[in-house]
Amino acid sequence: MGTLNVQNSTVSGNFASSSGGGIYNDQGSLTVNNTTLTANTAALAGASGGGGVLNQDGVATVGNAILAGNSATDLVNSSQGIVVLTYSLIGTTAGAIASGPGNEFGLSAAGLRIGPLKDNGGPTFTHALLCSSPAINAGDNTGAPPTDQRGFPRIVGGNIDIGSFELNNTPPFLQCSPAINACLNGSNRVAVTVSALVSDGNGDPLVVVWGLEGRPYMTNFVPASAPGTTNVVQLTVLFGPGMHTITTAVFDPSDCGTSCFTPITVSYGPTVTADNNGPVCAGSTLMLAAFSPTATSYSWAGPNGFSSPLQNPVIPNASVAASGEYMVVVTDANGCTGSATTTA
């Protein structure tokens, strides 16, 4: 009997030895707006329980509310009761329900995408909305209170959030390394370092999750920082030849996140052979030659300050000072290098 108006509140973690774990309305008038009712328990199961709300021959009007994730049936209405729902997230029901606009039924606790009951700011505990929660921007602005349960501004993002918590969050930023070409020079594995720039305008702590070839590999934690979190995190991995992928994902405490990836190509360095037409007499032409099936550029160096970018350079009128060891360094399309020497 009587009247109960529940506004901007959280009803969570309660237990009833029989029915009505969160609220038991016995022939009264119940109004629930902008409220979260979850994680409540009623000992009786099914249509007798009402883990969230039991409306026993009363009138219950529920709007902009989360009523899901309770034990037993979330909302039970007796045969003589009246329940009107609008713009609410509902789990399971029993009895006649008058469903208005904006409702979503059949939501599990996991499907709500809300955090645990804890201090999220303000004087009392709340269940924070996580990113991708169906409650975000899904309510009705009509008659909306100026603040949520915590005293934080309502209607962030155009529409009010369903429940007692209004999410105001800027997702983190992530920038991955561009594609990397790495070279195997005389070994079967090479160390590749990938960097990621992460930042968060809210100054939240961040979790960075690295993936290797599609599987989780390592996690880094970036502490909170005011006025905004910014950091460069790195991962070094040994790779063999072939194509590889490192994925990077970053998440804030609201589970808002983004991801990107860095493709990595590991190649063996190009093979090269070097030769010359020596021995030659002083005043004759010394011809150098290099062969590499994959080289895209050549760089020669040798005695008497000699250098050349040609594949097969020529030294006319060679003097004795031209005698000695010549080295050619070749580079392929992946930026990998190889070298060879020849003595003239």
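Residues numbered from 1 in each chain as written. Predicted model: local features only at pLDDT ≥ 70, side-chain atom pairs only at ≥ 80, totals over all residues. Heavy atoms only, no water.

(A) View of unusual backbone geometry. A cis geometry characterises the amide bond from G278 onward to P279, with omega recorded as 0 degrees. Mapped onto the elements of the fold, P279 is located in the loop between β26 (273-276) and β27 (286-291). The backbone of E213 shows a phi angle near 55 degrees, a positive value even though the residue is not glycine. By the secondary structure assignment, E213 is in the loop between β21 (206-212) and β22 (215-222). Its relative accessible area of 33% is what places E213 among the partly exposed residues. (Helix = DSSP H or I, 4+ residues; strand = E, 2+ residues; numbered from the N terminus. Buried < 20%, exposed > 50% of the residue type's maximum accessible area, 1.4 Å probe, protein only.)

(B) Local environment of the state of the cysteines. Within the structure shown, the criterion is met by three disulfides. The side chain of C131 participates in a disulfide bridge whose partner is C256; the two sulfur atoms lie 1.4 Å from each other. Of note, the bridge from C131 to C256 carries an S-S torsion of about 65 degrees and is right-handed in sense. A residue pair is termed long-range when its members are at least 10 positions apart, and C131 in the loop between β17 (126-129) and β18 (173-176) and C256 in the loop between β24 (242-251) and β25 (257-268) qualify at 125 residues. Residue C256 is classed as buried on the basis of its relative accessible area of 3%. There is a disulfide in this structure between C176 and C260, and the S-S distance comes to 1.9 Å. Handedness here is read from the sign of the S-S torsion; for C176 and C260, about 85 degrees, the answer is right-handed. Taken together, the residues C176 in strand β18 and C260 in strand β25 connect sequence positions 84 residues apart. Both residues of the pair, C176 and C260, count as buried. Bonded cysteines in the chain are paired 1-4, 2-5, 3-6 when counted in the order they occur along the chain. (Disulfide = S-S within 2.5 Å.)

(C) Inspection of the side chain of T38 at higher detail. Inspection of the secondary structure assignment puts T38 in strand β6 (residues 36-38). Beyond its immediate stretch of four places on either side in the chain, T38 contacts V11, S12, G13, A68, G69, N70, L112, I114 and H127. (Contact = heavy atoms within 4.5 Å.)

(D) Representation of the sheet that holds β26. Judged by pairing direction, the sheet is antiparallel, and its three strands sit side by side in the order β26-β27-β30 without closing on themselves. Each edge of the open sheet is held by one strand with a lone partner, namely β26 and β30 (314-315). In this structure, β27 lies alongside β30, joined through two bridges in antiparallel fashion. Bridging across to β30, M287 finds its partner in V314. (Pairing = 2+ DSSP bridges.)

(E) Here's a closer look at the nonpolar core. V192, W210, F239, I246 and I264 are the most contacted members of the largest nonpolar core, which totals 24 residues. Where this core is concerned, the elements lending two or more residues are β18, β19 (180-184), β20 (190-200), β21, β23 (229-239), β24 and β25. No other element matches β20, which puts five residues into this core. Among the nonpolar cores identified, the runner-up in size contains 16 residues, and L286, A295, A318 and V330 belong to it. (Core = buried A, V, L, I, M, F, W, Y, C linked by side-chain atoms within 4.5 Å.)

(F) Quick look at a nonpolar patch on the surface. Taken together, the side chains of V59, I82 and V84 present a nonpolar region at the surface, about 210 Å² in accessible area. Relative to the helices and strands, V84 resides in strand β12 (residues 82-86). Take V84: its relative accessible area is 32%, and that puts it in the partly exposed class. (Patch = residues over 30% accessible without salt bridge, like charges linked within 9 Å, V, L, I, M, F, W, Y side chains within 5 Å. Areas by Shrake-Rupley, 256 points an atom, 1.4 Å probe, with all protein chains shown as cover. Salt bridge = Lys/Arg side-chain N within 4 Å of Asp/Glu carboxyl O.)

(G) Spatial organisation of the sheet that holds β24. Read across the open sheet, the five strands follow the order β19-β25-β24-β21-β22; overall the sheet is mixed. Either end of the sheet is taken by a strand with one partner, and the two such strands are β19 and β22. When the angles between neighbouring strand axes are averaged without regard to direction, this sheet yields 25 degrees. Both β24 and β25 contribute to a ladder of ten bridges, which runs antiparallel. Residue pairing in the sheet places T247 in a bridge with F261 of β25. (Axes fitted to C-alpha atoms, helices over the stretch in contact; angles between N-to-C directions.)

(H) Quick look at the pattern of salt bridges. All chains considered together, the criterion is met by three salt bridges. Between R113 and D255 there is a salt bridge whose closest N-O contact spans 2.6 Å. Of the two residues, R113 sits in the loop between α1 (109-112) and β16 (114-118) while D255 sits in the loop between β24 and β25, which places them 142 residues apart along the sequence. Assessed through its relative accessible area of 24%, R113 is described here as partly exposed. The partly exposed category is assigned to D255, whose relative accessible area is 32%. When the shortest N-O distance is used, the salt bridge between R154 and E166 registers 2.9 Å.

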